[in-house]
Amino acid sequence: MNSIKKPVGKVESGAREGTEIKNCSGSFRIDPSEIAFDVDGVVADTFRAFIEIAFKDYGLRIHYDDINEYEFWKDTGLDENSTNDIISRILDQPLEADIRPVTGSVDVLTRLADNGNLLFVTARSDRDSILNWIWHYMPLARRDSIILVAAGRHEDKLPILLKRGMKYFVEDRLETCYLMESSPVTPIVFDQPWNRSVHPFASVNGWEELSDMIDWKKPWKTGCHEHV
Ligand SMILES: [Mg+2]
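Only a predicted model underlies this, so the values are computations on that prediction, with no experimental measurement involved. Residue positions are counted from 1 within each chain, in the order its sequence is given. Since the coordinates come from a predicted model, pLDDT governs what is reported: local features require at least 70, and pairs of side-chain atoms require 80 or more to be given and counted, while whole-chain, interface and lining totals use all residues.

1. Thoughts on the overall build of the protein chain
Strands are runs of DSSP state E lasting at least two residues, helices are runs of H or I lasting at least four, and both sets are numbered from the N terminus onward. Scanning the protein chain for helices and strands turns up seven helices and seven strands. Shown N-terminal to C-terminal, the secondary structure of the protein chain runs as helices and strands in the order β-β-α-α-α-β-α-β-α-β-α-β-β-α. Working definition of burial: number of other C-beta atoms within 10 Å of the residue's own, with buried at 20 or more, exposed at 12 or fewer, and partly exposed in between, all C-beta atoms being placed from the backbone. Every one of the 228 residues in the protein chain was classed for burial, and the buried ones make up 38%. The contact rule is simple: place each C-beta atom from the backbone, and if two of them lie within 7 Å, those residues are in contact. Across the protein chain, contacts joining residues at least 24 apart in sequence account for 72% of those joining residues at least 6 apart.

2. Quick word on the packing of helix α1 (residues 46-58) against helix α2 (residues 80-92)
Between α1 and α2, the shortest axis-to-axis distance is 10 Å and the interhelical angle comes to 130°. When the axes of α1 and α2 are compared, the pair comes out oblique. By crossing handedness, the relation of α1 to α2 is classed as right-handed. Only Ser82, Ile86, Arg89 and Ile90 of α2 make contact with α1, whose side of the interface consists of Thr46, Ala49, Phe50, Ile53, Ala54 and Tyr58. Its residues placed into classes, the contact of α1 with α2 shows seven nonpolar, two polar and one charged. With axes taken as lines fitted to C-alpha atoms, and helix axes fitted only over the stretch in contact, angles between N-to-C directions fall between 0 and 180 degrees. Orientation is classified from the angle alone, with under 35 degrees giving roughly parallel, over 145 giving roughly antiparallel, 65 to 115 giving roughly perpendicular, and any other angle giving oblique. Whether a crossing is left-handed or right-handed is set by the direction in which the near helix is turned from the far one by less than a right angle, anticlockwise for left-handed and clockwise for right-handed. Classification used: nonpolar for Ala, Val, Leu, Ile, Met, Phe, Trp, Tyr, Cys and Pro, charged for Asp, Glu, Lys and Arg, polar for all others including Gly.

3. A look at the pairing of strand β4 (residues 146-150)
At least two bridges found by DSSP between two strands are what make those strands a pair. Sheet topology note: the strand β3 (residues 118-122)/β4 ladder contains five bridges and is parallel. The partner of Val121 across the bridge, within β4, is Val149. Assignment of crossover handedness uses the view with strands pointing away from the viewer, where a clockwise path from the first strand over the helix to the second indicates a right-handed crossover. Taking the sense of rotation as the criterion, the β-α-β connection linking β3, helix α4 (residues 127-137) and β4 turns out right-handed.

4. Overview of the nonpolar core
Core membership is restricted to buried Ala, Val, Leu, Ile, Met, Phe, Trp, Tyr and Cys residues, and these are joined into a nonpolar core through C-beta atoms within 7 Å. Counting 55 residues, the largest nonpolar core has Ala36, Phe50, Met166, Phe169, Val170 and Ile188 as the members making the most contacts within it. With five residues, the top contributor of residues to this core is α1. For Ala36, the contacting residues outside a window of four places in its chain are Leu119, Phe120, Val121, Leu161, Met166 and Phe169.

5. Some details on α1
Helix length check: α1, at 13 residues, gives a terminal C-alpha distance of 17 Å against a target of 18 Å (1.5 Å per residue), a fit within 8%. Buried residues of α1: Thr46, Phe47, Phe50, Ile51, Ile53 and Ala54, and no others. Angularly, the buried residues of α1 cover 160° about the axis, an arc narrow enough to put them on a single face. In α1, the exposed positions that point more than 90 degrees away from the buried face belong to Phe55 and Lys56. In this fold, the buried residues of α1 make contact with α2. Just downstream of α1, Gly59 is the residue with a positive phi angle, here 70°. Here the expected length of a helix is defined as 1.5 Å per residue gap, with one fewer gap than residues. What the arc covers is the set of directions going from the helix axis to the C-beta atoms.

6. Notes on the confidence of the model for the protein chain
On a range of 0 to 100, pLDDT expresses the predictor's confidence in each residue. In this model, the protein chain carries a mean pLDDT of 86, and residues with pLDDT of at least 70 account for 83%. In this model residues 1-26 is a low-confidence stretch, pLDDT under 50, and it forms 50 contacts with partners more than four residues away in sequence or in other chains. Scored below 50 in pLDDT, residues 224-228 makes nine contacts in the model with residues more than four places away or belonging to other chains.

Below you can see the structure in the form of structure tokens.
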């Protein structure tokens, strides 16, 4: 989510040519040691926190289901200072900003952490604030299992995933998924209102569906620690 602090260039709109969205739940099973996760929009319900703060503190009403592009904050009608205030709070103080976990995420992620390593790769540039948020909302998870890499840029996620031997990445930003197209990392789109344009990737509608794709019986490896 770093680009909301430092917008870089023009972001393409969601509309893209390609095959229809397909739901691949059940069509392949994922080794739990080979899947990693984005944070905002997948684990953290960040955009919902944004619109709640916008309403509470600035009286602006934004409907979650109407958000049709990732960088929606650029065109809400709020002035720049107010927008930056909300973004700073979300980035720097996720607990105080009352970002809550996406429904179902804590159970699945805690199970993953209890069985092996759990890797998050975020485009945020500050690691500690969001890692503390994860620890807060996953109190039962083994902390030493949790690895969080703050890539700082969306473009830097793929090299990190490759270095750590990941084969699947759950992501809500379509542009990031396209960066992984034709790479050894298979992106899995976590369904959100802003990524529902046509795309060629596997997608999941929530954490229950994602959990069904994981091969929980697979013997655990500890791959992602080896390259830290
Ligand atoms: Mg995200």
